[in-house]
Structure formats: structure tokens, C-alpha cells
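Single-letter residue listing:
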Amino acid sequence: MENGTASKTIIVTGMSCGSCAAAVRGSLLKVEGIEDANVNYATGQTTVVCPLGGVSEKKIIEAVRKAGFDVAKSADDRRDANAEALAWRWRFILGVSLSVPLMVLMVLRDIPYVGWIELILATPVQTIVAYPFYKGALKSLRHLRANMDTLVAGGSTVAYLYSLGLLLAWTFGEHEAGHVFHGYFETGAFIVSFICLGKYLETRARGKAGDAIASLMRLEARTARVQRDGEFVEVPIEEIQPGDIIQVRPGEKIPVDGECIEGRSAVDESLVTGESLPVEKKPGDKLIGATVNTDGSLICRVTAVGKDSVLRQIVDLVEQAQASRASVQRFADRVSAVFVPVVLVIALLATLSWWGYTGVNGEQINWARGVMIGVAVLVVACPCALGLATPTAIMVASGMGARRGILIRDAEALETACNIDTVVMDKTGTITRGKPSVVGCYPAGELSETDLLMKAAAAEAHSEHPAAKAVVNYAEKQGISVPPVDNFRSFAGRGVEGIAEGTHVRIGKPGWLRETGIELPAEKEAFKEVAGQTSLAVAFDDDFAGYIVIRDTLKEDSVSAVRRLHEDGLHTVMLTGDSETAAKSIAEQVGVDEVIAEVHPEEKAACITRLTGRGARVAMVGDGVNDAPALAAADLGIAMGSGTDVARDAAGIILMGNRLSGVAQAIELSRATMKTIRQNMYWALGYNAVLIPLACLGVIHPMLASAAMAFSSVSVVSNSLLLKRRVNLQTT
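Given the structure is predicted, the values throughout are model-derived calculations rather than measurements.

## Structural notes on the overall build of the protein
If you tally the helices and strands in the protein, you get 27 helices and 26 strands. A compact globule built from 732 residues should have a C-alpha radius of gyration of about 27 Å, whereas the protein, at 34 Å, is more than 25% larger. Expressed as lengths along the three principal axes of its C-alpha atoms, the size of the protein is roughly 130 × 65 × 45 Å. By the burial criterion, 55% of the 732 residues in the protein qualify as buried. If you take every contact in the protein between residues at least 6 apart in sequence, the share linking residues at least 24 apart comes to 69%. Mean positive and mean negative side-chain charge positions of the protein (71 and 82 charges, respectively) differ by 7 Å.

## Regarding the packing of aromatic side chains
If you walk through the whole model with that rule in mind, you get 6 aromatic pairs. With centroids separated by 5.7 Å and ring planes inclined at 70°, the aromatic side chains of Tyr160 and Phe185 adopt a geometry described as edge-to-face. In this pair, Tyr160 is assigned in helix 6 (residues 148–172) and Phe185 in helix 7 (residues 185–209), connecting sequence segments 25 residues apart. Side by side, Tyr160 and Phe185 carry an identical accessibility label, which is buried. When the ring of Trp683 is compared with that of Tyr687, the centres are 5.9 Å apart and the planes differ by 40°; the resulting orientation is tilted.

## A short note on a nonpolar patch on the surface
On the surface, Val100, Val104, Leu108, Ile111, Tyr113 and Ile117 cluster together into a nonpolar patch covering about 520 Å² of accessible area. As for its position among the elements, Val100 is in helix 3 (residues 81–105).

## As for empty space enclosed by the protein
All told, the structure shown has 3 cavities of 30 Å³ or more when counted by the stated rule. Approximately 130 Å³ is the volume attributed to the largest cavity. Around the largest cavity, the lining is made up of 18 residues, and of these Val39, Asn40, Arg325, Gln329 and Pro391 lie nearest the centre. Within the residue set of the lining of the largest cavity, elements represented by two or more residues are helix 1 (18–29), strand 2 (36–39), helix 10 (310–323), helix 11 (327–360) and helix 13 (383–403). The greatest single-element share of the lining of the largest cavity, amounting to 4 residues, is contributed by helix 13. Residue composition of the lining of the largest cavity, by class: 7 nonpolar, 9 polar and 2 charged. Empty space within the second largest cavity amounts to approximately 50 Å³. Taken together, Met148, Ile195, Gly198, Lys199, Glu202, Cys382, Cys384, Met709, Ala710 and Ser713 form the lining of the second largest cavity. At the level of secondary structure, the elements contributing two or more residues to the lining of the second largest cavity comprise helix 7 and helix 26 (702–721). A per-element tally of the lining of the second largest cavity places helix 7 first, with 4 residues. Its residues assigned to classes, the lining of the second largest cavity shows 6 nonpolar, 2 polar and 2 charged.

## Describing the sheet that holds strand 2
Sheet architecture is open: 4 strands sit in the order 2-3-1-4, paired in antiparallel fashion. What marks the edges here is a single partner per strand, and that holds for strand 2 and strand 4 (70–71). Of the strand pairs in this sheet, strand 1 (residues 5–13) and strand 4 are connected by 2 bridges, and their pairing is antiparallel. The residue bridging Thr13 from the neighbouring strand is Asp70, located in strand 4. On the sheet, helix 1 packs against strand 1, strand 2 and strand 3 (45–51) and is oriented at approximately 160° with respect to strand 2. Across the sheet, helix 2 (residues 57–66) is in contact with strand 1, strand 3 and strand 4; its angle to strand 1 comes to roughly 40°.

## As for the pairing of strand 18 (residues 495–500)
With 5 of 6 residues buried, strand 18 is to be regarded as a mostly interior element. Two elements, strand 17 (residues 486–491) and strand 18, share 4 bridges in a ladder whose sense is antiparallel. Among the inter-strand pairings, Phe491 is bridged to a residue of strand 18, identified as Gly495. Linking strand 17 to strand 18, which pair antiparallel, is a turn of 3 residues; within it Gly493 sits at a positive phi near 75°. Here strand 18 runs beside strand 19 (residues 503–508); their pairing, made up of 6 bridges, is antiparallel. Residue pairing in the sheet places Gly495 in a bridge with Gly508 of strand 19.

## Some words on the domain arrangement of the protein
Here the protein is described as being made up of domain 1 (5–71), domain 2 (79–222), domain 3 (241–304), domain 4 (399–432 + 555–672) and domain 5 (434–553). Its C-alpha centre places domain 1 at a distance of 36 Å from the equivalent point of domain 4.

## Side note on helix 17 (residues 466–477)
Taking 1.5 Å per residue, 12 residues should reach 16 Å; helix 17 reaches 16 Å between its end C-alpha atoms and fits that length. Of all the positions in helix 17, only Ala467, Ala468, Ala470, Val471, Val472, Tyr474 and Ala475 are classed as buried. In this structure, the buried residues of helix 17 make contact with strand 16 (437–443), helix 16 (449–460), strand 20 (534–540) and strand 21 (543–551). Once helix 17 ends, the next one or two residues include Gly479, with phi positive near 80°.

## Section: the sheet that holds strand 25 (residues 636–640)
Spatial strand order, 14-26-25-24-15-22-23: 7 strands in an open sheet with mixed pairing. The sheet is open, and its two edges are formed by strand 14 (406–408) and strand 23 (594–596), each paired on a single side. With direction set aside, neighbouring strand axes in the sheet form an average angle of 20°. Both strand 25 and strand 26 (residues 653–655) contribute to a ladder of 3 bridges, which runs parallel. Each residue of the ladder has a partner; that of Ala639, found in strand 26, is Ile654.

## Section: the side chain of Asp244
Locating Asp244 in the fold gives a position in the loop between strand 6 (231–236) and strand 7 (245–248). Every residue in contact with Asp244, bar those within four places of it in the chain, is listed here: Val226, Arg228, Glu239, Cys300, Arg301 and Val302.

What counts and what doesn't
Residues numbered from 1 in each chain as written. Predicted model: local features only at pLDDT ≥ 70, side-chain atom pairs only at ≥ 80, totals over all residues. Heavy atoms only, no water. Helix = DSSP H or I, 4+ residues; strand = E, 2+ residues; numbered from the N terminus. Rg over C-alpha atoms; globule rule 2.2 N^0.38 Å. Buried < 20%, exposed > 50% of the residue type's maximum accessible area, 1.4 Å probe, protein only. Contact = heavy atoms within 4.5 Å. Lys, Arg positive; Asp, Glu negative; His and termini not counted. Charge placed at Lys NZ, Arg CZ, Asp CG, Glu CD. Phe/Tyr/Trp six-rings, centres within 6.5 Å; stacked < 30°, edge-to-face > 60°. Patch = residues over 30% accessible without salt bridge, like charges linked within 9 Å, V, L, I, M, F, W, Y side chains within 5 Å. Areas by Shrake-Rupley, 256 points an atom, 1.4 Å probe, with all protein chains shown as cover. Salt bridge = Lys/Arg side-chain N within 4 Å of Asp/Glu carboxyl O. 1 Å grid on protein atoms, 1.4 Å probe; cavity = no way out; pocket = protein on both sides within 12 Å on 5 of 7 lines; lining within 4 Å. Points joined across faces, edges and corners; volume = space filled by probe spheres on them. Nonpolar A, V, L, I, M, F, W, Y, C, P; charged D, E, K, R; others polar. Pairing = 2+ DSSP bridges. Axes fitted to C-alpha atoms, helices over the stretch in contact; angles between N-to-C directions. Domains from an automatic or database assignment. Expected span 1.5 Å × (residues − 1).

What follows is the structure, given as C-alpha cells:
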């Protein structure tokens, strides 16, 4: 959120279409202090943006109730798609079992009291089966609104009451001998039944579209083996606290986030991070809750539980994405806000026009024809499809991404990723493993390799940079005792310095040491230069002491990932602080189009700005603290999962795993999602634009109109579900 603002999330219940969501949003925006509100009709989740401490939850709930809806007391009270679908199925079965006999009676008109039999069959449909529509319509009427329930209840009621009037007139009035009763009870009954079938199918499909959160929550363990009084005992997961020591046996699920303190094993993290192969774990490594320990026994110290765990944070991000609102949805909201009132007016005008048309032509006014045309207009119009067009696609996309370790922060990130044409990648930890190793040590003059490594490692011991860790690890493997260092200072992107055993030690980029006035020989004069290696210059007391050469290795999927980006039509750029020679060597190996080398951390954001300045739509991929400004400067920030929280906060998309291929997958997913949203919008708008005029012209029978309305929203949700087949999120 922007500085000074906060978001509050509630679950709104009782919405039946996009018009309802528009009404809730309109009511919330009238509350003083609320800056924006996103209402997701598909899930009921509503996010309100307001100043910190500016609007109480009580005022928010009052605004929702003022619009005619209610708020769930907790997230657990949100509507259950399965239970809702079963209720609609029961209503459809009851409705169609009574409607089919009505259809049969249309043929058997000479049966005595056929009209009254039809009334007996139609009344339960109109009262019991259609009850939810009447309830919603009356509620909206009390708040001077109209919604989908108004259209369904209004259309079916007109058909029912008109038929009842005809029946009473036929029974108690005069009519010609042999004249049989002809009403429209079956029309009203089939309207309700078809809409119930549509709601059943829509609710089922919507449940499938939004099952990502439920499936993620099912990953949580229910119990854990915790150390109590020197023994490991099984306790409910709710009793686990940070700092507890737990045991995870082979084949068991790691119950909570923790740090391995004993044992070695391979852990299957595929369900959380999307990594296809098990990851080796040893003491000191982090463990993620809900992942599976495959072959070894691990003793772990708990680091996070509940809402602080990685799994819950993933769930929060998925919910945040599903609650967000794409820009295209704003148009749909404006249409939904006025859709039903406009349809009511059109239906009335169509009815009056048909009455007037038959009367002007000298014919007897065809009252029944006019009524049925009005009914057809009411029931063919579908505001639901508009309300479902965007949120269902986002629900499916965010769920698909989460299952493959691709976390989408919001709909805006999806929209932005769809338009990206340039991908900028940091080298270390993104293209390469980020775990370099020392491949050579070249002391100057009479200095021994041991002295060079000992003091260089002392200076690097306090640095978190991968190159520093490589030097320290190499020294320790050589059996060198690393002395303490005083007056340590780090210069981001350049090097470090400190006092080790009375010697002023500097180690870092050759260019930085030259800037401090130290004369250095060219690397090629000090050792045999090999492309792709990086040299660290070392100075003792302002004198050149030697070079330490390190080399990082490519990730397994870097070459195929860059190739996939090119296949998607994207321009690739590698951004690194390494020398031009080392950078170009890596770029040639992976096939990157452009290299920007010798860039200091504080200059990365400026490089991104220059790229965007020349018209490029840039995604920045990085994983470290130094990448955070560049991630924020890019049109889209993509943070690798091994990165820091700072980097993640600046990113619109987070890759939980370390696979560079996730970048192409995220962009392909966003493109397919936006294409699906556009298809849904075209269908929802085109459906109404074509069928409403046809209904006005009398081309569509009310029963056919109700079937079309029922399946219009189903088609939108089904199209969103097809995303699962359209997008390949497998690694290449």
C-alpha cells in the first residue's frame, strides 16, 4: 500500500450478480475516508483502501448493509461453493420435475381442468423453487435497486400472473364452446428451472475456479512431533511455537517453517515452490512447512507458525490477487451499475411497442404476444456474465500460478506482464546459481598464498556477498585459520576493507582499488585469464597483494529459459556489476541479447529508467537487496524466491523457486489470462447486445431466453477454466 494508507478485507454475502457488486462498491465509496473499494462478485471478498486508522470496520459494515447485503463474521463463513451448488441442484430437480409435466399438458389441452392442473404444478415452482430470486429482488427493491434477481423474478412472475388472469377469465368468464384454455404457466416454470440449472453449473464452475486457496490450506499438517522433556511427542499443530524443536521422519510432511539443526535429507518442495526435483537439506538450511521430507530424518527448530509461515503468506498473496480489480473491470462495473434498470425500461418499451403496433394496424391488440416479448427481454438479459468476466479469470490464473510457485500480487501485475517486451535479469543468483567458488589464488611478489587468503578471508568474513562467502569457504577448506577483523567497512558493489593482524586489507573489484590510488597489474599479466571468471583484487597497506579468482556456474534451466523468452518475442538484457569480459562470456552461454556490465548497485535503477525512457516496457528479474530499487523502477518487478523480503515487496510477481524458467511462465500466464478476460468481456457484452434486440423483435421465446441467460454466465466461467489447458506451466 501507499504510504499513509491501509487496506481492510471483508467477505460480503448475498450478492447475485455484477450489479450487486457495483452497488456494494458504490455504497462503500460514499463513506468519507474510503479512497477505493474492490468488490469481487465471484468470491464475495471486498477490499477497502482508506487512510491509516481513518475508517472503522463498523462504518464499512454499515455501508455494506445499507446497500442491502451482509458481511460474514469470519473468512470461514464465506459461502461454500459446494453447499451452494447442491442447493441450486435440488431446486433445479424440483423445478424441472414439475415443469416437464407442464410441457406435456401443452399438448393435452382437452384434459378437464387442465388450467387448474397447470396452476397446481406451477405454483410450487414459483414459490419454493424461485424463493431465492424473490428474496433477492425484494431486498434490492427495499434499497431502490434492481439486479439479476429482479429480472428473473419479474419475468417469471409476469408469465405466472398473466396465465393466472387468463385462467380466471376462462373459468368464470364466457368463452366459445370447445375453446380450450391456453396459458403460459410452463413458461414461468421453465424460466425458473433453467436459471436454477445455470446457477448450479455456474456455482460449480466458480468453485473450481477458486479452489486454489482451499487446496493450499489442505497442504498444512495437522500434527507435529515436538520435543517435550527430552522426548518427541505428537501434538496438534496449533500448539507449536517458534523456538520449539521438532522431528520430521522420512516420508513425513514438514509441519511448520523451521531451520534444520541436525540430519540430512532431500525435501520435495514442488507443491509450494514448483521445484520439480527434491532439494538437499543440511544443518543451517531453511525448511518450508507443508513440504515433504523424502529419505532422511531431520531435527528442526521452528521459526514461523500460523500467519507468519510461508504457506500462509502464499495464501494471503493469492487472496490479495483474487480481490484485486483489473482496469478492464472498471468498464464492466459502470455497465453493471445501470444494466438492470435499462433492461427494465427496454422490456416495458418492447411490450408497449408490440401492443401499439398491433393496435395501429387495425388488428386486435395481441396482449399475450406483448407480454411474452417483455418477459423474454427480462430473462434474456444477463448482468452476471459481466460481473464474472474478470474475477474468474484472475482466480484461475492466480491459483494456477500458486501451484507452480508463481505468486501474482494483483491484477495490475497481470496486466503489466501481458505488455512486457523487455526482460532485464540480474546475473548473480538469477542466471547463475549465486554460489561462486574460488578457482585460483595469485599472490604478488614474495607473499604466500596462505597469507593472501588468511587476511582476505578475514576482511570478507563479515560480508554477506556470495563472492565473500566463496573466499571464506575456500580459506577454511585449505585449513587456514581466519583471524578477527577490526574497523570493517563495506562498499556496496565495490568491496570491503578492515584491519586484520595489524594490516589494512582491501578486497574487491580491481577498478575500486585503482580508484583508491593503488597500482594494479592487468589481470592477464597476473594469471591466465579465462572468460567467465571474475577477479577480486587484494591490497595490504596500500600495496597490491594479489588476485583471487572466482567463478559462478549457470543454473540448469538458464539456457532453456532465455530461449523460451525469445520464443515469446521478448528482448533479453543481463545487468551485472561484473567486468565486461566476464559478463559477455555468461551472456554468450545463455544467449542473452544485450549486456550492461560494470554497473554499481545504486546505478541499476537508473539503467532500468534509461530502458523505459527509450520506449521499452521492462520487467526486472532479481533476488537481492541491491535489486530492490531496480525492481521498483521497472514496469514490472519479478523477484526470485530465494530473495529477501525487501526485494519481494518491490515485486509484482514472486517466483518461489529458483527457476529462471518461471519468468517466461509468468508472462505467458499473464498473456493468456488477459486474452481470456477480453474474450469473456466480448462474449458478455456481445451476448446482451445481440439477444436483447432479438428478444424485442419477438424472435426468442421466453423459455429459450431463460436457457440462454442461464448458460451465458456458465460459458464465461468455463472459458476461464480453460486457462488450465491453454497455458503450459511446465519447465522446458
